[in-house]
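Notes for the structure review
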2 protein chains.
Amino acid sequence: MTTSHGTGPLRLGIAGLGTVGAGVIKIIQRRADLLAARTGREIQVVAISARNRDKDRGVRLSGYDWEDDPIALARRDDIDLFVELMGGSDGPAKVATETAIATGKDVVTANKAMLALHGQALATAAEEAGVALRFEAAVAGGIPVVKALTEGLAGNEVQRVMGVMNGTCNYILTRMESAGLPYDEVFEEANALGYLEADPTLDVGGIDAGHKLSLLSSIAFGTQVDFPAVELEGIQRIEFADIEQARDMGYRIKLLGVTQMTGRGLEQRMSPCLVPADSPLGQLEGGTNMVVLEGDAVGQIVMRGAGAGEGPTASAVLSDILDIARGIRVSTFGQPASSLQKPKPAKAAAPAAFYLRMQLQDKPGALARVATALGEAGVSINRMRQYSHHAEGTAPVLFVTHKCPRAALDAALSGMSRTGVVEGEPVAIRIEEV
Amino acid sequence: MTTSHGTGPLRLGIAGLGTVGAGVIKIIQRRADLLAARTGREIQVVAISARNRDKDRGVRLSGYDWEDDPIALARRDDIDLFVELMGGSDGPAKVATETAIATGKDVVTANKAMLALHGQALATAAEEAGVALRFEAAVAGGIPVVKALTEGLAGNEVQRVMGVMNGTCNYILTRMESAGLPYDEVFEEANALGYLEADPTLDVGGIDAGHKLSLLSSIAFGTQVDFPAVELEGIQRIEFADIEQARDMGYRIKLLGVTQMTGRGLEQRMSPCLVPADSPLGQLEGGTNMVVLEGDAVGQIVMRGAGAGEGPTASAVLSDILDIARGIRVSTFGQPASSLQKPKPAKAAAPAAFYLRMQLQDKPGALARVATALGEAGVSINRMRQYSHHAEGTAPVLFVTHKCPRAALDAALSGMSRTGVVEGEPVAIRIEEV
């Protein structure tokens with residue numbers, strides 16, 4: 001079938017020599033004996049490609065053929081495996097991947113955006129060509145979660161997968177909490193530290209994490225990747241007050257991805273959520289990632305580790321490379337692409353308790369009016385707090401509702417806005433049962 | 001090579017129909033379509049064996065051939081894969097496993113004791129016969145840690161592996177803490193609840209967890225399993241006072257396994273340790289297991305889940321079965337058995353800080369004498385506490401030492417016993433940096 005079986009060397013072409021690409025090459029150079037002992041084969045870099053040939057990447061590259069064009073690299077007949085580390089959902093990464101597949105190479109990629117948008121087509125192409133297409137590094141960095149879900153939990157009907165999978169957002173939220181700083185200030189800090197993507201909306205808007213979630217959904221439920229159906233909400237509207245109030249009530253705020261198959265269809269959400277402060281998700285600090293896998297047999301498995309960075313991401317890329325060297329050839333999304341069902345997206349998320357914060361005007365009967373709006377929408381109140389009035393004549397008011405459908409909450413919110421006593425937009429954050 | 005390749009059904013013979021065996025059969029019956037979708041093959045139980053044919057196991061068994069003798073089951077030529085769930089390091093489990101291997105079957109087992117004692121011989125036999133021998137369920141129940149370490153982290157030089165892998169011990173320790181009860185009472189409780197092995201020393205003496213640790217060592221470091229070299233210490237001497245004092249200082253006590261390759265050789269320990277209360281290991285409650293994997297590239301990966309029970313253990317057994325159905329054939333310990341090195345055991349554990357608790361007699365100069373004994377052995381004191389004297393004329397005294405070799409601590413302990421002011425045996429517990 002493909003040339004990557006057997007016991008000769010596994011010959012790699014690597015496209016993209018950023019942090020991760022250089023990291024992969026460093027490991028292959030430093031740990032050649034270890035990798036050969038584990039796979040029974042030499043892992044051999046044959047050719048490489050990147051935008052800039054002359055940049056110092058802290059690793060010896062002189063022994064490898066250079067290709068200016070990643071597509072030419074993908075086409076070479078002296079490589080068995082094409083390693084795509086360029087990034088970008090379309091453009092050269094996609095064409096090079098397609099070329100590698102069409103010319104009979106296995107492919108390993110870290111490109112979540114490409115797979116979130118074109119995963120079904122690429123997996124189908126790979127399957128038809130009889131090659132492997134693997135992406136451990138695309139989800140949660142060094143945490144071997146794709147393998148755990150696809151293989152480790154293969155005997156389970158998966159019930160729910162949750163994850164904190166954008167380290168930058170978790171850094172921003174935990175830093176706001178620990179330093180008592182407003183969102184904008186920490187955002188600027190993160191930017192100065194180089195933590196943010198060129199388009200920061202990818203991070204703080206939840207898009208990057210949403211890409212990852214859509215890939216996990218596919219594996220978990222045997223469905224085609226459906227990123228457009230992910231309900232996305234970023235962390236941009238979270239204020240320090242929310243973090244503080246959440247903490248007072250025993251919660252922390254995380255940008256949490258949740259995917260679950262329900263009677264109403266596939267529910268995929270990436271949004272800020274309150275989670276219990278003493279849960280593993282609630283205890284997560286800084287840039288660390290966490291994925292929670294729930295299966296009918298195994299119960300809950302929690303995996304925690306670095307979600308980004310040279311070493312962790314290179315470790316995940318190597319895991320796929322070494323699998324292929326060992327002859328491990330699992331379908332891209334855990335079962336043949338042709339057998340993946342087109343998911344029916346759930347029209348609405350499962351009911352939940354919500355945290356609500358708003359500024360109430362200092363008028364008689366103001367609190368009664370918003371409480372009435374909640375009641376009329378069928379939303380009942382679990383906890384309520386009102387604080388002293390600010391100088392501006394408004395007072396912060398907090399509600400924690402009982403479980404209700406999001407639609408009921410939205411009805412309550414529009415009812416509130418009609419009362420004329422709520423200043424600005426209320427903040428509503430889902431409380432997730434983890 | 002073996003008959004388990006290909007796309008026909010994968011035919012199983014299952015020996016041992018306790019909770020786990022019955023659980024495996026339930027999943028195969030209930031999730032037949034899901035398993036076939038994931039592996040492309042039917043998973044078919046052909047024949048079964050157990051001690052008692054007539055017992056009601058809550059699962060339909062009438063469709064399967066019955067064998068009174070597991071060895072006869074292992075020898076059948078209409079099975080591809082022998083699933084060993086009988087337990088016991090020697091006896092029928094071992095003979096049946098050897099028979100299955102010798103007659104060309106792949107083997108999946110949950111038997112940590114058998115592998116801890118005979119893993120090298122069995123892996124070698126499997127390799128020579130060209131069959132697979134896999135054991136995900138033998139370590140940390142439902143947590144797919146064998147796969148994570150062998151495959152997910154295959155690109156790493158592993159630095160350290162730690163684990164809380166005996167749920168019963170963790171249950172006892174957390175129950176002592178939450179209920180303020182002495183060890184003996186909680187031990188009896190656990191016994192009444194059926195949590196303990198027939199020989200409870202396997203649990204509370206750390207032997208069961210030590211078996212698991214020795215298997216992880218082999219995978220982590222490419223060494224032959226060396227269970228006899230595991231330094232074992234159980235939880236029997238832990239008192240509520242230790243748990244309470246540890247908590248006061250920001251620690252919790254766990255039966256913690258640690259394996260690391262050092263300049264002095266392979267260090268394998270399974271013993272009670274103090275770990276920071278706010279670390280993932282410190283936060284672990286009840287019967288849950290946790291494994292911490294540390295690799296040079298990936299950093300620290302933490303995995304948490306149920307360490308025992310029907311569903312979780314069956315999930316792990318299924319993971320191996322489905323791997324084999326998919327054609328995934330990794331060496332038992334991650335690399336060919338013939339290439340595993342014989343480990344040189346480290347003569348002494350790495351230096352550590354220690355927690356020391358003793359009963360000091362109410363005599364002038366008593367504290368000075370034990371402090372002197374510490375000093376003379378080169379052990380310096382980080383923290384010290386003395387409490388009010390008991391009625392019996394002794395007072396509890398606590399020390400936390402700075403890092404020191406265990407030998408220095410032992411010298412200090414014998415120095416103390418010579419002072420004549422220490423009542424009974426001091427308790428010394430290692431403080432592990434996690």
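Residues numbered from 1 in each chain as written. Chains lettered and ligands numbered in written order. Predicted model: local features only at pLDDT ≥ 70, side-chain atom pairs only at ≥ 80, totals over all residues. Heavy atoms only, no water.

**Structural notes on the sheet that holds strand β2 (residues 43-49) of chain B**
Keep this limit in mind: When DSSP finds at least two bridges between two strands, those strands are taken to pair. Secondary structure is summarised from DSSP: a helix means a run of H or I of at least four residues, a strand means a run of E of at least two, and numbering begins at the N terminus for each.
The parallel open sheet is built from 6 strands, whose spatial order is β3-β2-β1-β4-β5-β6 (chain B). Of all strands in the sheet, those with a lone pairing partner are β3 (65-67) and β6 (133-134) of chain B, marking the two edges.

**Brief notes about the pairing of strand β7 (residues 158-164) of chain B**
Residue and element names in this part refer to chain B. Where we set the bar: Accessible area is worked out with a 1.4 Å probe on protein chains only. A residue is then buried under 20% of its type maximum, exposed over 50%, and partly exposed in between.
Burial analysis of β7 places 6 of its 7 residues in the buried class, which makes it a mostly covered element. Looking at chain direction, β7 and strand β9 (residues 251-262) are connected through 4 bridges and run antiparallel. Within β9, the residue paired with Arg 160 across the bridge is Gln 260.

**A word on the environment of Leu255(A)**
Residue and element names in this part refer to chain A. Selection rule: Any two residues whose heavy atoms approach within 4.5 Å are treated as being in contact.
Take Leu 255: it is sitting in strand β9 (residues 251-262). Here Leu 255 falls in the buried class, since its relative accessible area comes to 3%. A sequence separation of 17 residues divides Leu 255 from Pro 272, and the C-alpha atoms of the two residues are 4.2 Å apart. Setting aside residues up to four positions removed in sequence, Leu 255 forms contacts with Gly 163, Val 164, Cys 169, Leu 173, Asp 203, Gly 206, Ala 209, Glu 233, Ile 235, Met 270, Ser 271 and Pro 272.

**Section: the relation of the copies chain A and chain B**
A rotation about an axis combined with a shift along that same axis relates the two copies of the chain. Convention followed: Least squares is used to superpose the copies, and the fit set is the C-alpha atoms of residues whose pLDDT is at least 70 in both copies.
Of the two same-sequence chains, chain A is brought onto chain B (RMSD 0.0 Å, axial shift 0.0 Å) by a rotation of 180°. On this basis, the relationship between the two copies can be described by a two-fold rotation axis. The fraction of interface residues of chain A whose copies in chain B are also interface residues reaches 100%, indicating that both copies meet through the same surface.

**Concerning unusual backbone geometry**
For Ala140(A), which is not a glycine, the phi torsion comes out positive at approximately 60°. Within the element layout of this structure, Ala140(A) appears in the loop between β6 (133-134) and α6 (145-152).

**Quick notes on the pattern of salt bridges**
Residues and elements named next belong to chain A. Just so we agree on the cut-off: Salt bridges are defined by distance alone: a side-chain nitrogen of Lys or Arg within 4 Å of a carboxyl oxygen of Asp or Glu.
Overall, the coordinates contain 57 salt bridges over all chains when judged by the stated rule. Of the charged contacts in the structure, one is a salt bridge between Lys 147 and Asp 323, with a shortest N-O distance of 2.7 Å. Of the two residues, Lys 147 sits in helix α6 while Asp 323 sits in helix α12 (residues 310-325), which places them 176 residues apart along the sequence. Given a relative accessible area of 2%, Lys 147 falls into the buried group. Overall, Asp 323 belongs to the buried group, its relative accessible area being 3%. Glu 432 is the salt-bridge partner of Arg 430, the closest N and O atoms lying 2.8 Å from each other. On the basis of relative accessible area, Glu 432 is assigned to the buried category, the value being 5%.

**Digging into the side chain of Asn289(B)**
Residue and element names in this part refer to chain B. Basically, it comes down to this: Pairs of N or O atoms within 3.5 Å make up the polar contacts considered here, provided that, within protein, one atom can donate a hydrogen while the other can accept it, and that residues adjacent in sequence are counted only when both atoms are side-chain atoms.
Its place among the elements puts Asn 289 in strand β11 (residues 288-295). Judged by relative accessible area, which is 1%, Asn 289 ranks as buried. At a separation of 3.5 Å, a polar atom in the side chain of Asn 289 contacts the main-chain carbonyl oxygen of Gly 287. Not counting residues within four places of it along the chain, the set of residues in contact with Asn 289 comprises Ala 140, Ile 143, Val 164, Met 165, Asn 166, Gly 167, Leu 284, Met 303, Arg 304, Gly 305 and Gly 307.

**Some points on the domain arrangement of chain A**
All names here are of chain A. Formally: For every domain, the bounds stem from an assignment made automatically or drawn from a database. The buried area of a pairing is the accessible area, by a 1.4 Å probe, that goes missing from both parts when the two are put together, added over both.
As assigned here, chain A comprises domain 1 (10-138), domain 2 (150-306) and domain 3 (353-431). If you average the C-alpha positions of domain 2 and of domain 3, the two centres end up 26 Å apart. Between domain 2 and domain 3, the contact holds 16 residues from the first and 14 residues from the second. Across the domain 2 to domain 3 interface the summed buried area is about 1300 Å²; carbon plus sulfur atoms make up 53%. In this structure, Arg 357 and Glu 239 form a salt bridge, with 3.5 Å as the shortest nitrogen-oxygen distance. On the surface where domain 2 and domain 3 come into contact, there are 5 residue pairs in polar contact (both at pLDDT 80 or more). It is strand β10 (residues 265-276) that contributes the most residues to the side of domain 2 that touches domain 3, 5 residues altogether.

**Some words on the interface of chain A and chain B**
As a reminder, the rule being used: Residues are sorted three ways: Asp, Glu, Lys and Arg are charged, Ala, Val, Leu, Ile, Met, Phe, Trp, Tyr, Cys and Pro are nonpolar, and all the rest, Gly among them, are polar.
The interface is formed by 46 residues belonging to chain A together with 46 residues belonging to chain B. Summed over the three residues of chain A that lose the most area to chain B, namely Arg38(A), Arg304(A) and Arg326(A), the buried surface amounts to 16% of that side. For the pair chain A and chain B, the number of links is 6 salt bridges. Across the pair Lys147(B) and Glu151(A) runs a salt bridge, and its minimum N-O distance is 2.6 Å. Put simply, chain A and chain B have 18 residue pairs in polar contact (both at pLDDT 80 or more) between them. Looking at the side of chain A that touches chain B, the elements with two or more residues in it are α2 (32-39), α6, β12 (299-306) and α12 of chain A. Here the side of chain A that touches chain B is composed, by residue class, of 23 nonpolar, 14 polar and 9 charged. Two elements, β12(A) and strand β12 (residues 299-306) of chain B, share 3 bridges in a ladder whose sense is antiparallel. Its bridge partner lying in β12(B), Met303(A) is registered against Met303(B).

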